[in-house]
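Commentary on secondary and tertiary structure
Listed below, chain by chain, are the residues.
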Amino acid sequence: MRQPLLIEIGVEELPSSHLKLAVETLKKSFPEALKKARLGFEGLEVRGTPRRLVIHIKELETQQLSQDIQIVGPTKTAALDAEGKPTQSYLGFLRSQKVSEKEVSFHEIPNKKGEYLILEKKIPGQKTKFLLPDLIREQIANIPLTRKMRWEFVEAKHASPLQFSRPIRWLLVFFGDKSIPLTLGSIRSSNVTCGHRLLHPKPVRVKNIKDYFQKIKKFGVVLNPQERQKMIREALSRGEGCLASTNDHFFSERNNLIEEVANLVEIPFFFKGKLSHHFLELPEEVLVASMSKYQRVFALREKNGKLKSSFLAVLNGKPDNMGLVKKHFEWVLNARLVDSLFFFNEDKKIGLGPRIHGLREIKFHEQLGSYYDKSFRLEKLCQTIVEKDMKEEKELLVNVGQAALYSKRDLLTKMVYEFPSLQGTMGRYYVMGESEKDISGDRQKIARAIEEQYFPKGAGQPIPSTIEGAILALADRLDTVVGLFGIGIYPTGSEDPFGLRRAATGIIRILLEKKIPLSIDNLIDRSISSYRSYPNPPSLGNQQELKQKVSEFLRERLAIQLKESFGSTGLVEAVLSSDSDHVVDWLDRLSQLSQVLKEPYFQQAAKVQERTQNIVRAVKGGADHSGVREDLLVEEPEKGLWRAFKVCREQAEPLINKREYQQATKVYGTALFEPIHTFFDRVLVNTENEEIRKNRLKLCNEIYIFYARRVADLSKLRMAVDIRKE
């Protein structure tokens, strides 16, 4: 039998981030706890507002499932003496379990030798209402909130102090139509909840779960965060709300602000406010940052994209004195914008040029020097990439060099100090004001690269739009990964304080999406070289070991990206097992091969790879890589296979060189499929003649590595079907 369950935990207003974490945690942990408790359920939902966390299950079993357990006693040799009579070990086991001889028996246990005395026992399930209190307390205690509060109530000194992000004020638990008693610290559950703090501050008594949802809505509470977000988006679309830009990054920032604001209100109420027109002189990103940081309000614009001198604010319900609240919002925001305008003008007076030496005072890392050192490493690395991989791009060489030297200087500006999220963006604005004698190259491209060095800023965020920005972003992340790996700092488990996984993912995304034909290993070599090209370089340990660790790390992130894109884990592993280290080439192979997975010739090629790899791997030490000796090919099937392979290699090699991987696979599969099966059917590879045996292994190895190293190791796909023609 099943009944609905409702749990409401009423609290003082939670911070937006804490509410989001609590809801996400309970969505995952509560179902796991129910399964662990052997309680079947359907239709679990977790919702929340700043004042409450609500768990609703449409159907929950009223009784825990029974459990069959097996209790293992002593071995048979220990339980019975030479005459087959019970020993003290046998009798002691019966006494400890309070059972008779009829209830136990001897059985073998997997992975253990001999027979053991076994007691099969069924543990009946408890009623759900008795399990819920401990389960709920455990779930609340295990929400990983930072800065938990700890308090005791005077009237309940005997109670254990309860820790939570904010004080818990009430509890409501209904299972079916009955309220379940539950105590948290000194708080006891009841059938009383609270409506909206302003719209309906009085306690609300509810009869059952259906009555709860009716009354909570009636008294001004929208439980679903997604519904509150939808209400905010609709209000923004009516008011032409935006983040003052059509840039994808800023739309993402707007979505983050919508989510934050929705978690600060139980029901959103909107009003438009005004700001002084002269603040429109500020860069639009500064206006947006000021509005969102200080008062969490939204910028508005005309349909033509021009900013309005107004904003949209979201309140937690409608206040009594709307005029006074609106006036307060406008006064505070205008005062903050006065500060922003002052910071902006002061920064422009100094510019970026003179700030280069100030970077000596900002440590990149204690063992890796300052941002002054990093700037020159980035210049060296960017220019090396352009010189060696884009030899004809002289203008690009100048632009990336200048962008690298100016890339970190806005960290010293008042505006970035006040709004760290604007690093790079303010550099773009300020570099445009530099004098002609201080900066050379295409100023627009340099400015854009300085901003785009931080792209992508997260999952789903846009990558740099310019090649200059892409190269600088690659260099910046690579310098960070190589440097930190060099001094022994790696991401471990869930710990990644320096964001190395995010940096590596950024590198891979830029290479993949911009299709920049760069070698991963060459990039790592050049980054290591840039660290060693200046006096007193940091010690990064053994270069080959460092290169291998960074290369493996980047390949792991690449594999994750490619598996998300192509969905074929086996094919991704097959392609990444080849000798190439060009991300774009890997992508090209995957794109081509994923289109022919079901083609007969692809399956034939995979079978050729699988059979040849299996025989080589089966021999201890494998096969050496010296050439096949034709004089040792004594049987016709092996001679025929060698002739077929030579023709195949002659036809497929130029196709591989031109990156025509589908055609190369077709040649490989159709040319070798029948000969390889004939060879294995009629020729004994592991013959007693050592020279002939080794030569046959070399033949198999040659066939295997020709395709596996240059295209993909299709043996990893392990084709299950026999596709030989009858």
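Coordinates for the structure precede this section.
What counts, and at which threshold
- Residues numbered from 1 in each chain as written.
- Predicted model: local features only at pLDDT ≥ 70, side-chain atom pairs only at ≥ 80, totals over all residues.
- Heavy atoms only, no water.
- Core = buried A, V, L, I, M, F, W, Y, C linked by side-chain atoms within 4.5 Å.
- Buried < 20%, exposed > 50% of the residue type's maximum accessible area, 1.4 Å probe, protein only.
- Helix = DSSP H or I, 4+ residues; strand = E, 2+ residues; numbered from the N terminus.
- Contact = heavy atoms within 4.5 Å.
- Polar contact = N/O pair within 3.5 Å; in protein donor to acceptor, adjacent residues only side chain to side chain.
- Pairing = 2+ DSSP bridges.
- Axes fitted to C-alpha atoms, helices over the stretch in contact; angles between N-to-C directions.
- Parallel < 35°, antiparallel > 145°, perpendicular 65-115°, else oblique.
- Left-handed = near helix turned anticlockwise from the far one by under 90°.
- Nonpolar A, V, L, I, M, F, W, Y, C, P; charged D, E, K, R; others polar.

It is worth spelling out the nonpolar core at this point. One recurring pattern in soluble globular proteins is that nonpolar side chains are buried together. Membership of the largest hydrophobic core comes to 138 residues, with the highest contact counts inside it found for Phe 311, Met 415, Leu 554, Tyr 668, Leu 672 and Ile 703. Examining the composition of this core, we find that 11 residues originate from one element, helix α15 (residues 467–486), more than from any other. Among all residues touching Ile 703, those that are not within four sequence positions of it are Val 608, Gln 609, Thr 612, Leu 641, Phe 645, Tyr 668, Leu 672 and Ile 676. Ranked by size, the runner-up nonpolar core spans 36 residues in total, among them Leu 19, Ala 37, Leu 132 and Ile 180.

Before going further, it helps to examine helix α14 (residues 443–452). Within α14, seven of the 10 residues are buried, which leaves the element mostly enclosed by the surrounding structure. If you check which residues of α14 are buried, you get Arg 443, Ile 446, Ala 447, Ala 449, Ile 450, Glu 451 and Glu 452. Looking at the packing, one finds that the buried side of α14 touches α8 (284–294), α11 (394–406), α13 (425–431) and α15. Its side-chain oxygen placed 3.1 Å from the backbone nitrogen of Gln 444, Asp 442 serves as the N-cap of α14.

Moving on, we get to the environment of Ser 578. Residue position: Ser 578 is located in the loop between α19 (569–576) and α20 (583–593). The buried category is assigned to Ser 578, whose relative accessible area is 4%. Sequence-distant contacts of Ser 578, defined by excluding residues within four places in its chain, comprise Trp 586, Arg 589, Ala 708, Arg 709, Val 711 and Ala 712. There is a polar contact of 2.9 Å between the side chain of Ser 578 and the side chain of Arg 589.

Okay, the pairing of strand β1 (residues 2–11) next. Most of β1 is tucked away: seven of the 10 residues are buried. Across seven bridges, the pairing between β1 and strand β9 (residues 168–175) is antiparallel. Residue pairing across strands places Leu 6 opposite Phe 174, the latter belonging to β9.

Each pair of packed helices can be summarised by the angle the axes make with each other and by the distance between the axes. Here helix α10 (residues 371–389) crosses α11 at 165°, and the two axes come no closer than 8 Å. Regarding the angle of α10 to α11, the classification is roughly antiparallel. Where α10 crosses over α11, the two elements pack in a sense that is right-handed. Residues Ser 375, Phe 376, Leu 378, Glu 379, Cys 382, Gln 383, Val 386 and Glu 387 of α10 touch α11, and the partners they reach there are Leu 396, Leu 397, Val 400, Gly 401, Ala 404 and Leu 405. Considered class by class, the residues forming the contact of α10 with α11 number nine nonpolar, three polar and two charged.

Honestly, it's all geometry; don't read function into it.
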